[in-house]
Every structure is written in structure tokens, then in C-alpha cells.
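Chain residues, written in single-letter form:
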Amino acid sequence: MNLTHIARRRYTEGQTPIEFLPNLSEALNGPRIHIKRDDLLGLTSGGNKTRKLEFLMADALAKGADTIITTGAVQSNHCRLTLSAAVKEGLKCRLLLEERVEGSYNVDASGNNLLYHLLGAETMRPVAGGTDLAAGMEQMAEEARSEGRTPYIIPGGGSNALGALGYVACAEEILAQCFESGLELDHIVSSSGSGGTHAGLVAGLVGNQAGIAMTGISVRAEKAPQEEKIRNLANAASELAGARQDVSASDVVVRDEFVGPGYSLPTTEMTEAIQLFARTEGILLDPVYTGKTAAGLIGMVKEGAFDADSDVLFVHTGGSPAIYAYRDEVLG
Ligand SMILES: *Cc1c(COP(=O)(O)O)cnc(C)c1O
């Protein structure tokens, strides 16, 4: 695989750290747990969308865009980071906010919503859950064109093949860091939402024949449709990156038992995971994504999914700005 021929902006200086978590590993009495600190990526309180935006914004700039249009839930990290990248590139940004949980939109809410206002989103348009978001964004693009603008639409989560290349690059970064440090990883655990992160990591691992197992913890969808979505997206990203090998069904593993009652709705295991990471390692997780993903990691440790003598990498995809809008979920 070779990403060098694909245009890319850079929003992070160097690599994000891989840290060993001795206190958490000991508390769980399981394998050695390490963490990839993608919560420390660049842009406004970075997270996984920063990596995808390096490729997506380069494409938007190449196409002469002046207005970025994207969509997410009402507390979307993706919307915050897309807006932040647009600010950095001198572009305008308009957001279509999906109220996935009825009554969840509040114009005065804290967390990411506060940051949409502070970073200067041009439009924040709330719509009911289940709305056709692609059509909604196309309508916003049409409005922008009628104002003489050149819009560029970024899909929810930045999860198309181009965006997923951000996590192909991350897989290659992880392999390079492991080569430097001598860390031999057995398993990687990450969130699986709109899918670009999971798909990009799988594409990068398979394309580099890394021989490292990977599990995606779903935060919304059921196992079968999510696995199909991830495999399709991973193959599309592999093709863009010039890989010679297809991602097969056995390369894609999704666990959906940690979603609980639904996207962004709390579970006891999520709250416990957030508190455990905070109180053993001082690391902040969020209730929507990384808290449930960590609950999945902890659940897998407890069920004996990993050898005691193995090395597991938890990918921290960010999201901590949202905790300020979820006091009860975080404190339990
Ligand atoms: C978007 C997001 C995810 C999910 O990543 P996808 O690429 O959409 O699957 C995980 N964690 C955080 C903090 C996110 O904002």
C-alpha cells in the first residue's frame, strides 16, 4: 500500500503516543493493555475525525470548495472537528444535526454544541432522527450554490473510502511505532460507528499483512450489517491505497453486545468503564463512543478473550468534550 500519491493536509505534528496502562492492566488482572492516544490528535480537542479530515479537506481544497457541509448527531465530535478544520483552512462550515434521540437537541447545550457556536458554524440545522441526511446535505449544498458558494459535502463521520485512508495511515503508524519499541501486539480494539476508523484499521492491517487480530465494538448497529458495512468500506479504502489483497469476511469482527438500549444511551458498563479509566490512569473517555468501546474491551478481558501474556491495544478515538453535556451518564 502506498498513500504518498494521495493529497493530504496535516493537522497533527508527528505521531500520537502508544502508552502502556499498568494500573488498568493490573485492575483487570488480564493482558497488558496499551492505548493509542488518538484523543491527542490535532484540531480542536482532537479525535479520530482529525485523521480522516486530512484527506477529505485536501480533496475539498483541490476542488475549490469554500463551504463545507457535513452531518452528525447533536453532540457530534465529527461536526466539531470538521468545523475546526474548516476554520483552519479559511472555509465556512454548515452543519446538519440529527436528533437521533428524540428531544436531544438543545441550542444552549454544553459540550460539542457549545463549541459549534464558539468556532462559528455558519448554520446549525437540527432535523428529526431518521431524516434522509444525504438528501438534507444535498439541499444545503443547493442553497449554498444559489448564494454563489462552492460547497463540498463530507458524509457523516467522514466515513467514505477517502476518509478511511486516515485510519489506513494510522495502522501504518502503529506498525512503525511497534517496530521502533519492540512491542508485539496481539489484538487491537476500537470503536465501530460510521465505520471509517474500523474499516481503515482493518484495511491497513490486512494490506500490510500485520497478523494482528482486530475487534470493532459497535456503538449503534447490529453485528451482521455492521460487519458487511465495514468490509465494503475496507475494500474501497484498500483499492484507493493500491492494496493487492482483499479484506475477507474473517478479517472483520464486530461485537454488538455493548450498545445497550441504543446509540448514545447510557449503560452501567459504560459508566463503570469511564470511571475506571479516569481513576486508574487519568484518561477521559466519553459516554457515546469510547466509554462503550472500553466496556467492550473490559467485557472481553472478563470473558477470557485474551491470553494473560498478550498485548492488547485500545484505540482512544477521542470525544472527551462531550462529557460536559453528559454529567449524569459520566458520574453515574
Ligand atoms: C466518530 C467517533 C467514533 C466512531 O468512529 P467511526 O469512524 O465513525 O466508526 C469513535 N469515537 C469517537 C470519539 C468518535 O467521535
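Source: prediction; values computed, not measured.

Calculation notes
Residues numbered from 1 in each chain as written. Predicted model: local features only at pLDDT ≥ 70, side-chain atom pairs only at ≥ 80, totals over all residues. Heavy atoms only, no water. Domains from an automatic or database assignment. Contact = heavy atoms within 4.5 Å. Buried area = accessible area lost by both parts, 1.4 Å probe. Salt bridge = Lys/Arg side-chain N within 4 Å of Asp/Glu carboxyl O. Polar contact = N/O pair within 3.5 Å; in protein donor to acceptor, adjacent residues only side chain to side chain. Helix = DSSP H or I, 4+ residues; strand = E, 2+ residues; numbered from the N terminus. Nonpolar A, V, L, I, M, F, W, Y, C, P; charged D, E, K, R; others polar. Expected span 1.5 Å × (residues − 1). Buried < 20%, exposed > 50% of the residue type's maximum accessible area, 1.4 Å probe, protein only. UniProt positions renumbered as here; feature names shortened; annotations may be inferred. Phe/Tyr/Trp six-rings, centres within 6.5 Å; stacked < 30°, edge-to-face > 60°. Lys NZ or Arg CZ within 6 Å of the ring centre and 35° of its normal. Near = heavy atom within 4 Å. Areas by Shrake-Rupley, 256 points an atom, 1.4 Å probe, with all protein chains shown as cover.

## Here we look at the domain arrangement of the chain
One frequent convention defines the size of an interface as the accessible area lost when the parts assemble.
Then step 1. What the domain assignment reports for the chain is domain 1 (18–47 + 160–331) and domain 2 (49–158).
Then step 2. In this complex, domain 1 contributes 32 residues to the contact, which on the side of domain 2 involves 29 residues.
Then step 3. Around 2,300 Å² of area is buried between domain 1 and domain 2 when both sides are counted, 60% of it from carbon and sulfur atoms.
Then step 4. Broken down residue by residue, the surface that domain 1 buries against domain 2 is led by Leu-43, Thr-44 and Leu-162, which jointly contribute 25%.
Then step 5. Summed over the shared surface of domain 1 and domain 2, the number is two salt bridges.
Then step 6. Residues Arg-51 and Glu-173 are paired through a salt bridge, measuring 3.1 Å at the closest nitrogen-oxygen approach.
Then step 7. For the interface between domain 1 and domain 2, the tally reads ten residue pairs in polar contact (both at pLDDT 80 or more).
Then step 8. Secondary-structure elements contributing two or more residues to the side of domain 1 that touches domain 2 are α6 (161–181) and α7 (196–207).
Then step 9. For the side of domain 1 that touches domain 2, the element with the most residues is α6, which contributes eight residues.
Then step 10. Considering only residue class, the side of domain 1 that touches domain 2 consists of 15 nonpolar, 13 polar and four charged.

## What to know about helix α9 (residues 268–281)
Then step 1. The first and last C-alpha atoms of α9 sit 20 Å apart over 14 residues, in line with the 20 Å expected at 1.5 Å per residue.
Then step 2. Here α9 has its buried residues at Met-270, Thr-271, Ala-273, Ile-274, Gln-275, Phe-277 and Thr-280.
Then step 3. Tucked inside the fold, the buried residues of α9 contact α1 (22–28), β2 (32–37), α10 (290–302), β10 (311–316) and α11 (327–331).

## Observations concerning the environment of Lys-88
Then step 1. With respect to the helices, strands and loops of the structure, Lys-88 is situated in helix α3 (residues 77–89).
Then step 2. Once the C-alpha coordinates of Lys-88 and Leu-43 are considered, the two residues, 45 residues apart in sequence, prove to be 8.3 Å apart.
Then step 3. Setting aside residues up to four positions removed in sequence, Lys-88 forms contacts with Tyr-11 and Leu-43.

## Some details on the UniProt feature "modified residue: N6-(pyridoxal phosphate)lysine" (unreviewed entry) in the chain
Then step 1. As annotated in UniProt, the feature "modified residue: N6-(pyridoxal phosphate)lysine" (unreviewed entry) corresponds to Lys-49 in the numbering used here.
Then step 2. If we skip the residues at most four places from it in the chain, Lys-49 touches Asn-77, His-78, Leu-81 and Gly-157.
Then step 3. Side-chain polar atoms of Lys-49 contact the side chain of Asn-48, separated by 3.0 Å.

## Thoughts on the packing of aromatic side chains
Then step 1. All told, the structure shown has two aromatic pairs when counted by the stated rule.
Then step 2. Ring geometry for Tyr-263 and Tyr-289: centres 5.9 Å apart, planes at 70 degrees, overall edge-to-face. Of this pair, Tyr-263 sits in the loop between β9 (254–255) and α9 while Tyr-289 is found in the loop between α9 and α10, placing the two residues 26 residues apart along the sequence.
Then step 3. With centroids separated by 5.4 Å and ring planes inclined at 50 degrees, the aromatic side chains of Phe-277 and Phe-314 adopt a geometry described as tilted. Taken together, the positions of Phe-277 in helix α9 and Phe-314 in strand β10 put the pair 37 residues apart, joining distant regions of the chain. The pair formed by Phe-277 and Phe-314 is uniform in burial state, with each residue classed as buried.
Then step 4. Sitting above the plane of the Tyr-263 ring, Arg-220 keeps its charged end 5.5 Å from the centroid.

## Here we look at the site of the ligand
Then step 1. Looking at the ligand, there are 16 residues lining it, with Lys-49, Lys-52, Ser-194, Thr-197 and Thr-317 nearest.
Then step 2. At a separation of 2.9 Å, an oxygen atom of the ligand approaches a polar side-chain atom of Asn-48.
Then step 3. One nitrogen or oxygen atom from the side chain of Ser-194 is found 2.5 Å from an oxygen atom belonging to the ligand.
Then step 4. Contact with the protein chains hides 98% of the accessible area of the ligand, taken as 380 Å² for the molecule alone.
Then step 5. Split by residue class, the shell around the ligand holds one nonpolar, 13 polar and two charged.
Then step 6. Mapped onto the domain boundaries, the shell around the ligand takes at least three residues apiece from domain 1 (18–47 + 160–331) and domain 2 (49–158).

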